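So the chains spell out like this:
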Amino acid sequence: NNVNEKANLLTERVLFRQNINNERTSNHLSTLQLALTNSLLTEINYTDEIKKSSNRVIEPFALINTKDNWLLLAWCRVRNAFRFFRLDRIEKLEIKIEKFEPHKMTLQEYFERHY
């Protein structure tokens, strides 16, 4: 059923690593899980490492928990490529009504192709 499929999708696409105690979580996490499992386009205001702010329309693909941060891996429609976004650098996040075509590959396949 649908709920199981979505749970499986999250298991497949949410990667936990060993965490340090003062883990920085984000209030965007649950919103992004919703967008990811329902293939909903998401618009974000993102500030990069050189403090440059930009507006991106993205297709959330995976959430990855690293030692220091939560990362979102998403297809960026502005750059036309997969990009990593640090959750603590997302200023604003809005889920759109519009759906996107779900990406067929798994997170494992992504890393095999790109790394």
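Residues numbered from 1 in each chain as written. Predicted model: local features only at pLDDT ≥ 70, side-chain atom pairs only at ≥ 80, totals over all residues. Heavy atoms only, no water.

Colleague: Explain empty space enclosed by the protein to me, and be specific about the residues and the numbers.
Modeller: Going through the model one piece at a time under the given rule, you end up with one cavity of 30 Å³ or more. Lining of the largest cavity is provided by Glu-43, Ile-44, Asn-45, Asn-55, Lys-92, Leu-93 and Glu-94. Those elements that provide at least two residues to the lining of the largest cavity are strand E2 (40-47) and strand E6 (90-99). A class-by-class count of the residues in the lining of the largest cavity yields two nonpolar, two polar and three charged. (1 Å grid on protein atoms, 1.4 Å probe; cavity = no way out; pocket = protein on both sides within 12 Å on 5 of 7 lines; lining within 4 Å. Points joined across faces, edges and corners; volume = space filled by probe spheres on them. Helix = DSSP H or I, 4+ residues; strand = E, 2+ residues; numbered from the N terminus. Nonpolar A, V, L, I, M, F, W, Y, C, P; charged D, E, K, R; others polar.)

Colleague: Hey, could you go over the confidence of the model for the chain for me, with residue numbers and the actual values?
Modeller: When the pLDDT values of the chain are averaged, the result is 86; 88% of them are 70 or greater. Strand E1 (residues 14-16) is the least confidently modelled element of the chain, averaging 69 in pLDDT, while E2 averages 97, the highest of any element. Segment residues 19-24 is flagged for pLDDT under 50; beyond a separation of four residues in sequence, or across chains, it makes 12 contacts in the model. (pLDDT = per-residue confidence, 0-100. Contact = heavy atoms within 4.5 Å.)

Colleague: Can you break down the nonpolar core residue by residue, with the values?
Modeller: Leu-63, Leu-72, Phe-85 and Leu-87 are the most contacted members of the largest nonpolar core, which totals 17 residues. Looking at this core, the elements with two or more residues in it are helix H2 (29-37), E2, strand E3 (53-65), strand E4 (70-76) and E6. Judged by nonpolar contacts, the second largest core, of nine residues, contains Ile-64, Phe-82, Met-105 and Leu-107. (Core = buried A, V, L, I, M, F, W, Y, C linked by side-chain atoms within 4.5 Å. Buried < 20%, exposed > 50% of the residue type's maximum accessible area, 1.4 Å probe, protein only.)

Colleague: Any chance you could break down unusual backbone geometry for me, citing the residues and the numbers?
Modeller: The phi torsion at Lys-51 lies on the positive side, around 65°, for a residue other than glycine. With respect to the helices, strands and loops of the structure, Lys-51 is situated in the loop between E2 and E3. For Asn-80, which is not a glycine, the phi torsion comes out positive at approximately 55°. Mapping Asn-80 onto the fold places it in the loop between E4 and strand E5 (81-86).

Colleague: Break down the side chain of Thr-37 for me, with residues and values.
Modeller: Assignment of secondary structure puts Thr-37 in helix H2. Separated by 2.8 Å, the side chain of Thr-37 and the backbone oxygen of Gln-33 make a polar contact. Separated by 3.5 Å, the side chains of Thr-37 and Asn-38 make a polar contact. Excluding anything up to four places from it in sequence, Thr-37 contacts Lys-6, Leu-9 and Leu-10. (Polar contact = N/O pair within 3.5 Å; in protein donor to acceptor, adjacent residues only side chain to side chain.)

Colleague: Help me get a handle on the pattern of salt bridges, residues and values and all.
Modeller: Per the stated rule, a full pass over the model turns up seven salt bridges. Note that Glu-101 and Lys-104 form a salt bridge whose closest N and O atoms lie 3.5 Å from each other. Here Lys-104 falls in the exposed class, since its relative accessible area comes to 70%. Here the residues in one salt-bridge network are Glu-43, Glu-94 and Lys-96, joined through shared partners. (Salt bridge = Lys/Arg side-chain N within 4 Å of Asp/Glu carboxyl O.)

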